[in-house]
Amino acid sequence: MYMFSKSLEERCNRILRDMEGSLTARDRVGIQDFVLLDAYTSESAVLDNLRKRFNENLIYTYIGTLLVSVNPYKELGIYTKKQMDIYMGVNFFELPPHIYALADNVYRTMLTETNNHFILISGESGAGKTEASKKILQFYAVSCPSTKLLDNVRDRLLLSNPVLEAFGNAKTLKNDNSSRFGKYMDIQFDHMGGAVGGHILSYLLEKSRVVHQNHGERSFHIFYQLVEGGEEDLLRWLGLERNCQRYSYLVQVGEVTYQRYSYLVQVGEVTYQHYSYLVQVGEVTYQHYSYLVQVGEVTYQHYSYLVQVGEVTYQHYSYLVQVGEGECAKVSSVNDKSDWKTVRKALSIIEFSESNIESLFAIIASVLHLGNVTFVADSQGYATLNNSPEIHWLSKLLGIPAQVIQVGLTHRKIEARSEELLSPFTVDQAVYAKDALAKAIYGRTFTWLVNELNESLANKDSSRKTVIGLLDIYGFEVFSVNSFEQFCINYCNEKLQQLFIQLTLKSEQEEYEMEGIEWESVPYFNNKIICDLVEEKFKGIISVLDEECLRPGEATDMTFLEKLEEKMGGHPHFVTHKLADQKTRKTLERGDFRLLHYAGEVTYCVVGFLDKNNDLLYRNIKEVMRQSKNAIVKHCFPSTEPDSKKRPETVATQFKSSLVGLTEILMSKEPWYVRCMKPNEGKQPGLFDDVLVRHQVKYLGLMEHLRVRRAGFAYRRRYEIFLQRYKPLCPDTWPNWKGTAAEGVQCLIKHLGYKPDEYKMGRTKIFIRHPRTLFATEDAFEVCKHELATRIQAKYKGYRVKGDYMRQRQAATKIETCWRGMKARRERDKRAWAVKVIKRFIKGFMTRNQPACVDNTEYLAFVRQNYLTRLKENLPKTVLDKNTWLTPPPIMQEASQMLRKLYTRHMVRRYVQGIMTERKAQLQIKGLTSSIFKGTKENYPHSVGIPFVDTRIREEDIHIKVYQMIRQERIKYSVPVVKYDRNGFRPRFRQLIYTGSAAYLVEEAKIKQRVEFNNLKGVSVSTLSDNFLILHVQCEDIKQKGDLVLQCDYLFEALTKLCLVANKHNFIKVVQGSVKFDIQPGREGFVDFKSGQETMIYRAKNGHLMVESTRTKSRAMIQN
Ligand SMILES: Nc1ncnc2c1ncn2[C@@H]1O[C@H](COP(=O)(O)OP(=O)(O)OP(=O)(O)O)[C@@H](O)[C@H]1O
Ligand SMILES: [Mg+2]
């Protein structure tokens, strides 16, 4: 198969399986696509298939991409949201035929090919065209992307339908909701597929329905909706009663309208055998063409040709049975009350202003009131108005003075020479003028309504849009009496058939020929001949009609008919009573002409053709309308309207031009078709009338279309376009093909593996036979597109990221530069500042010794601060620390001294405050020591740091005996000493003990000497660093021992204690050189003191005790 990716292959297989699956299903419920029908040339086979499927409620069948739909006349439950989801984004042939499949395909083709499309929905009245168009619209409403804004457009698009239907649809004999105007609606999509706007074109509204309807038919829905559903207040305001019967425009009284057309009343039994398609061989069953069949008591029996002989049983077509006179037709399938609510709501959502809505209903009510206006002839036979209530309401609702209306309805303005005169109407003329006015008001209001809807749907954004057009136009119509309206409607259908032929049969076959594709021509009936018959310039029926309308003199419908006979005589599609052969003549009245339409024969009754074509509204009545205070009426009758002296275009010509316009619109778009058919004339579910359907199959051209489809190619594209779209599928053609497009396509399809019978190469186009081939290619493209998209995405992302990166880098560099610049500037400023500061510093330094001036103030302040800061951190820790004090700068000398003093004091105070009582006492003793020895004895400083103790000898170390001996005196202090003999100076260890009254020298248990303090003359010590003390004792007695020469390690302590105990403070002498002492009274000894290298104590040659002591180091050194 093709060189598609695996997943695609699987998908293709699935599609094939599905198709095969549906083939199995085909046995049961026919064939989904007529193209697959074996007997594709047989009408019966086609019919069989349709019937089979219809009986299984399968109302849709394809012919290629054309959808055939048969009206089921019942709800099938196939239009649910779930169904919509199923059909969204799925290829045409993957699922059973459905209107959604077509809608989805059109939508997706539009998106991928970005071109415009239209869906032509055709079929006769009641076949389901409007329903189909609504289903399509609903599908788009659900399937298209949704945003708040888009939803708004969507709602308006959807709601425009009920409004238009209320004003433009009516119950006819064929259809309870028959569109009485043609509608072409464009839905505009943006490039994302969102429905962003819409536009409606309306075609020829059947205005005559406002004033008259056939029996069993109704006027436009809105009248009944207003009367039945309108709120009490509203009706009161409009002067209406809740009773349709009250309004003569809604009530068709048997004898009223047609009696005038006396030539329509025929006597005798007429059979409509010339409706040949209705007449079947043998016992044909077209009795269900009920509208042709009337039951006994019907009032319009004078339409004798409608009365059939025999037992007719179609009484259940109730609308055919008119009870009595002046009845309003009832429609069971229409609920006017609820429809009123829908319309009322829709008008608000579409944003009609409340005042416009009021004006609109005022117009509808005015038309009803106008219908009830009656005239009576006065003595001269002129029409006068006798019933004022209607005129009163008209005046109120239209905002025109009653008198003005009254005159307007009963007179016409004529010009006599240079004067304008009012000429009174006869009653008939007045009725005619009244009806004309009612039609004009309604018709123009309808046009206004469409314009308002367009205003509301308009997309103001000017970006490019693609559109899908929906054409739902009145279907081919054959009534018992066919008038001007049917003529126009059927002409329109002829034109659309022409277009269909143009776009499918003719152009298709011509294309094959042009492209040089082998082709066996398919014969088809080209209805151009009928179109020409109707519309040809100077020769066509419309031309003749216009001519007759415009010609001076007594032109009547009958003269028009005569003209037709004159001009058309011999035309194969035109026949009249006069022109017909004997047999046909029986079926024609004198006032009839018959056209052999492509869809069958229709006999038109010429009555009213001229009037309706002229659509005349008297000038003065227009002027009356212009005075209206009703905004819509005012808008509809503008003062700028051309004067009626100049004839406006006739209705038929206007319609003809609008159809030309429509054809142009359609020709510029890609066509899609929905062919609607009705299965029976009785709106019956489940009833499949072979004759009726066969007839439709024929005239809808389905057989020809099928044959062309079958023989032809489902798809064709110019080589350039095909190549452009699918070139990514082949490495040789991607990204660019160098040769011609045709060669490129050849290369591409070879690569894809197309089989020879699947395609044909034309002169400029490739033709692909089966849709599946194209779908497979399209699927491959879909896959490939993603790969390409990924690559493009990757490249683009890379490009974006690189761009981002470059931008970031640039930004970073910029920031860096700025930052660096800023830093450099800061640095520069800092340096400049530093230079200034240093300069000031140096200058300050240089002038530091000068009196304070500008130059040095700052420096000096700095010096001060700096010194103080440093000083704070380097203060001495103790009072004794005399060295730690920062050397002050010169300017701080004085301050420093003061600070030092202050600080010392502070430390002292702190020290003093911290001293305990005991220690204080000790220090006081030390103070005493200091006062005695400071500066006199060399080793005194050495002793300062050594604290004094209470005693140096423990109690237990004093001999018990000694202790006992001196106990009474209380021992105050004791210290070990070395005593030097007074004679030989031999050293002896002794204890020196103080009591309260004496000092004792003790050796073991012996008291060697007792010196009473009273007898103590003094104590001598040297200035040097020895520890000698000499106690001078009062010696009166020779036996008494003399002075004591002692050496004590705790010299200062012992002496200070002595002072304290003996309470003698200044009896210590610090002696330089030698000390004389008494060995015995009268006998002296000497102790010499000197400094030496080392400490030595010896008896000198001179008999003195020599105490040599080393020189003590300075005090500072001791402290260190
Ligand atoms: N698909 C459908 N499913 C169910 N009922 C349908 C369907 N299509 C049509 N009908 C029924 O047939 C009626 C007539 O259909 P519709 O109004 O669409 O006809 P039409 O072709 O527009 O006729 P006209 O030319 O008179 O406007 C609808 O009111 C509805 O009851
Ligand atoms: Mg319709």
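These figures come from a predicted structure and were not determined experimentally.

Rules of the game
- Per-chain numbering applies: the sequence of each chain, read as written, is numbered from 1 onward.
- Key to labels: chains lettered from A, ligands numbered from 1, both in the order written.
- Thresholds applied to this predicted model are a pLDDT of at least 70 for local features of residues and 80 or more for the giving and counting of side-chain atom pairs; totals over whole chains, interfaces and linings are not thresholded and use all residues.
- The side-chain values count all of the structure's non-hydrogen atoms but skip hydrogen atoms and water molecules.
- By nonpolar core is meant a set of buried Ala, Val, Leu, Ile, Met, Phe, Trp, Tyr and Cys residues that side-chain atoms within 4.5 Å join together.
- For each residue, the accessible area found with a 1.4 Å probe, counting protein chains only, is set against the maximum for its type, and the residue is called buried under 20%, exposed over 50%, and partly exposed in between.
- When checking whether two residues touch, look at their non-hydrogen atoms; a contact exists if any pair is within 4.5 Å.
- Put simply, a residue is near a molecule or strand once any heavy atom of it comes within 4 Å of that molecule or strand.
- Polar contact is the term for a pair of N or O atoms within 3.5 Å; when the atoms are in protein, one must be able to donate a hydrogen and the other to accept it, and sequence-neighboring residues count only if both atoms are side-chain atoms.
- Per-residue and other accessible areas follow the Shrake-Rupley method at a 1.4 Å probe size, with only the shown protein chains counted as cover for residues.
- Comment: elements are numbered from the N terminus, with helices defined as DSSP H or I runs of at least four residues and strands as E runs of at least two.
- One requirement defines pairing of two strands: DSSP has to find at least two bridges between them.
- The donor set covers N, O and S atoms within 2.8 Å of the metal, switching to 3.2 Å for Na, K and Ca, and it leaves out water, so a site may look short of donors.
- Between 30 and 60 degrees the pair is tilted, below 30 it is stacked and above 60 it is edge-to-face, where a pair is any two Phe, Tyr or Trp rings, Trp via its six-membered ring, whose centres lie within 6.5 Å.
- Remark: a charge is flagged as sitting over a ring if the NZ atom of Lys or the CZ atom of Arg is within 6 Å of the ring centre and within 35 degrees of the ring normal.
- By convention in these notes, a salt bridge is any Lys or Arg side-chain nitrogen within 4 Å of a carboxyl oxygen on Asp or Glu.
- Axis definition: a line fit to C-alpha positions, over the contact stretch in the case of helices; interaxial angles, taken between N-to-C directions, run 0 to 180 degrees.
- Throughout this entry, Asp, Glu, Lys and Arg are counted as charged residues, while Ala, Val, Leu, Ile, Met, Phe, Trp, Tyr, Cys and Pro are counted as nonpolar. The remaining residues, Gly among them, count as polar.
- A residue's pLDDT is the confidence the predictor assigns to it, expressed on a 0 to 100 scale.
- The patch calculation keeps residues exceeding 30% relative accessible area without a salt bridge and links them within 9 Å when they carry like charges or within 5 Å when they are nonpolar (Val, Leu, Ile, Met, Phe, Trp, Tyr).
- Given the number of residues in a helix, its expected span is that number minus one, multiplied by 1.5 Å.
- Should an angle fall under 35 degrees it is taken as roughly parallel, and over 145 as roughly antiparallel, whereas 65 to 115 is taken as roughly perpendicular and any remaining angle as oblique.
- Space inside and on the surface of the protein is sampled on a 1 Å grid over the protein atoms alone, with a cavity defined as a set of points where a 1.4 Å probe fits but cannot get out and a pocket as an open set with protein on both sides within 12 Å along at least 5 of 7 lines; lining residues have an atom within 4 Å of a point.
- Grid points are joined across faces, edges and corners, and a volume is the space filled by probe spheres set on the points.

Enquirer: Mind showing me how you'd approach the nonpolar core here?
Expert: Where a protein is soluble and globular, its nonpolar side chains tend to be buried together. In this structure, Ile119, Tyr140, Phe223 and Phe593 are the most contacted members of the largest nonpolar core, which totals 184 residues. Here Tyr140 is in contact with Ala103, Val106, Tyr107, Ile119, Ile187, Phe189 and Ile468, once residues within four sequence places are set aside.

Enquirer: Explain the site of ligand 1 here, please?
Expert: As a matter of local geometry, ligand 1 sits amid 19 residues, with Asn71, Ser125, Lys129, Thr130 and Ser178 nearest to it. Contact between ligand 1 and Asn71: an oxygen atom at 2.7 Å from a side-chain N or O atom of the residue. The side chain of Ser178 places a nitrogen or oxygen atom 2.5 Å from an oxygen atom of ligand 1. In isolation ligand 1 exposes 620 Å². Once the protein is present, 88% of that is buried. Broken down by element, the residue count for the shell around ligand 1 peaks at three residues, all from helix 5 (residues 129–143).

Enquirer: Even after reading the chapter, I still don't get the pairing of strand 12 (residues 466–472), so can you show me in this structure?
Expert: A regular strand places its side chains so that they alternate between the two faces of the sheet. Of all seven residues making up strand 12, seven are buried, and the element is well covered by its neighbours. Pairing geometry for strand 3 (residues 117–122) and strand 12, over five bridges, is parallel. Note that in strand 12 the partner of Phe118 across the bridge is Gly469. Here strand 6 (residues 182–189) pairs with strand 12 via seven bridges, running antiparallel. Bridged to Lys183 within strand 12 is Asp472.

Enquirer: Quick question: what am I supposed to make of the coordination of the magnesium ion (ligand 2) here?
Expert: Six octahedrally arranged donors around a metal ideally form angles of 90 or 180 degrees; four tetrahedrally arranged donors ideally form angles of 109.5 degrees. Each protein donor to the magnesium ion (ligand 2) is listed here as Thr130 (OG1) and Ser179 (OG); together their distances run 1.9 to 2.1 Å. Taken as a pair, Thr130 in helix 5 and Ser179 in strand 5 (residues 178–179) lie far apart in primary sequence, 49 residues in all. Summarising the burial analysis for this pair, Thr130 and Ser179 share the class buried.

Enquirer: Got a minute to help me understand the packing of aromatic side chains in this structure?
Expert: The relation between two aromatic rings is expressed through the spacing of the ring centres and the mutual angle of the planes. Under the counting rule described, the total for this entry stands at 45 aromatic pairs. Both rings, one in Phe593 and one in Phe609, keep their centres 5.7 Å apart while their planes meet at 75°; by these two values the pair is edge-to-face. One end of the pair, Phe593, is in strand 14 (residues 592–597); the other, Phe609, is in helix 20 (residues 609–614), with 16 residues separating them in the sequence. Both residues of the pair, Phe593 and Phe609, belong to the buried class. An aromatic cluster is built from Phe484, Phe487, Phe560, Phe574, Phe593, Tyr604 and Phe609, whose rings are joined through pairwise contacts. For the cation-ring pair, Lys174 lies above Phe479, with the distance from its terminal atom to the ring centre recorded as 5.9 Å. The positively charged end of Arg848 is found above the aromatic ring belonging to Phe845, 3.9 Å away from the centroid.

Enquirer: Please explain the pattern of salt bridges as it appears in this structure.
Expert: Should their charged atoms come close, side chains of opposite charge can pair. Under the definition given, this model contains 55 salt bridges. A salt bridge links Arg156 to Glu351, with the nearest nitrogen and oxygen atoms 2.9 Å apart. Pair noted here: Arg156 is in helix 6 (residues 148–168) and Glu351 is in the loop between helix 10 (336–349) and helix 11 (354–372), with a separation of 195 residues, a long-range link. Looking at Arg156, the relative accessible area reads 10%, which means it is buried. Between Glu206 and Arg180 there is a salt bridge, with the nearest N and O atoms lying 2.8 Å from each other. Of this pair, Glu206 sits in the loop between strand 7 (195–203) and helix 7 (221–229) while Arg180 sits in the loop between strand 5 and strand 6; the two residues are 26 residues apart in sequence, bridging distant segments of the chain. Accessibility classification places Glu206 together with Arg180 in one group, the buried group. Residues joined in a network through salt bridges with shared partners are Arg180, Glu206, Arg209, Glu217 and Glu477.

Enquirer: Any chance you could explain the sheet that holds strand 2 (residues 66–70) here in plain terms?
Expert: Strand-to-strand pairing in sheets goes through backbone hydrogen bonds, with the strands running parallel or antiparallel. Spatial strand order, 1-2-16-3-12-6-7: seven strands in an open sheet with mixed pairing. Two strands close off the open sheet at either side, each with one partner strand: strand 1 (60–63) and strand 7. Sheet twist, expressed as the average angle between the axes of neighbouring strands with direction ignored, equals 20°. In the packing of helix 2 (residues 43–55) onto the sheet, the strands contacted are strand 1, strand 2 and strand 16 (670–677), and the crossing angle to strand 1 comes to about 150°.

Enquirer: It is not clear to me how the packing of helix 17 (residues 541–550) against helix 23 (residues 651–667) should be interpreted in this structure. Could you clarify?
Expert: Helix-helix packing: each pair is described by the crossing angle between the helix axes and the interaxial distance. Across the interface, helix 17 lies against helix 23 with an axial gap of 9 Å and an inter-helix angle of 145°. Of the residues in helix 23, those in contact with Ile542, Leu545 and Asp546 of helix 17 are Ala652, Thr653 and Lys656. Considering only residue class, the contact of helix 17 with helix 23 consists of three nonpolar, one polar and two charged.

Enquirer: In this structure, what is going on with helix 7? I would like to understand it.
Expert: The α-helix winds at 3.6 residues per turn, so residues separated by three or four positions along the chain end up facing the same way. Of all nine residues making up helix 7, eight are buried, and the element is well covered by its neighbours. All of the buried residues along helix 7 are His221, Ile222, Phe223, Tyr224, Gln225, Leu226, Val227 and Gly229. Where helix 7 is buried, its residues touch helix 6, strand 4 (169–170), helix 8 (232–238), helix 10, helix 11 and helix 14 (427–457).

Enquirer: What am I meant to see in the side chain of Ser160 here?
Expert: Considering the arrangement of structural elements, one finds Ser160 in helix 6. Ser160 gets classed as buried once you look at its relative accessible area, which sits at 0%. Look past the residues within four positions of Ser160 in its chain and what remains in contact with it is Met185, Ile200, Ile350 and Leu453.

Enquirer: What am I meant to see in the confidence of the model for the protein chain here?
Expert: A low pLDDT means the predicted coordinates there should not be read in detail. On average, residues of the protein chain carry a pLDDT of 84, and 89% of them reach 70 or more. Every residue in residues 1115–1120 is under pLDDT 50, and counting partners more than four places away or in other chains gives four contacts.

Enquirer: Even after reading the chapter, I still don't get a nonpolar patch on the surface, so can you show me in this structure?
Expert: Where nonpolar side chains cluster on the molecular surface, the patch consists of Ile838, Phe841, Ile842, Phe845, Met846 and Phe862 and spans about 580 Å² of accessible area. It is helix 28 (residues 771–846) that contributes the most residues to the nonpolar patch, five residues altogether. Tracing the backbone shows Phe841 in helix 28. Here Phe841 falls in the partly exposed class, since its relative accessible area comes to 33%.

Enquirer: Sorry, what's going on with helix 34 (residues 1051–1062) here?
Expert: The end-to-end C-alpha separation of helix 34 is 16 Å, in line with the 16 Å expected for twelve residues at 1.5 Å each. Counting buried residues along helix 34, ten of its twelve residues qualify, which places the element largely inside the surrounding structure. Turning to helix 34, its buried residues number three or more, namely Leu1051, Phe1052, Glu1053, Ala1054, Leu1055, Thr1056, Lys1057, Leu1058, Cys1059 and Ala1062.

Enquirer: When you look at the packing of helix 7 against helix 10 in this model, what are you seeing that I'm missing?
Expert: Contact geometry for helix 7 and helix 10: axes closest at 8 Å, N-to-C directions at 100°. On the basis of the axis angle, helix 7 is roughly perpendicular to helix 10. Between helix 7 and helix 10, the contacting residues are Ile222, Tyr224, Gln225, Leu226, Glu228 and Gly229 on the first element and Asp336, Lys337, Asp339, Trp340 and Val343 on the second.

Enquirer: I'm lost on empty space enclosed by the protein in this one. Help?
Expert: For the structure shown, the criterion picks out nine cavities of 30 Å³ or more. Here the second largest cavity is characterised by a volume of approximately 110 Å³. Together, 13 residues line the second largest cavity, and Tyr140, Ala141, Cys144, Arg154 and Ala195 are the ones closest to its centre. Those elements that place two or more of their residues in the lining of the second largest cavity are helix 5 and helix 6. A per-element tally of the lining of the second largest cavity places helix 6 first, with five residues. For the lining of the second largest cavity, the residue count by class is ten nonpolar, one polar and two charged.

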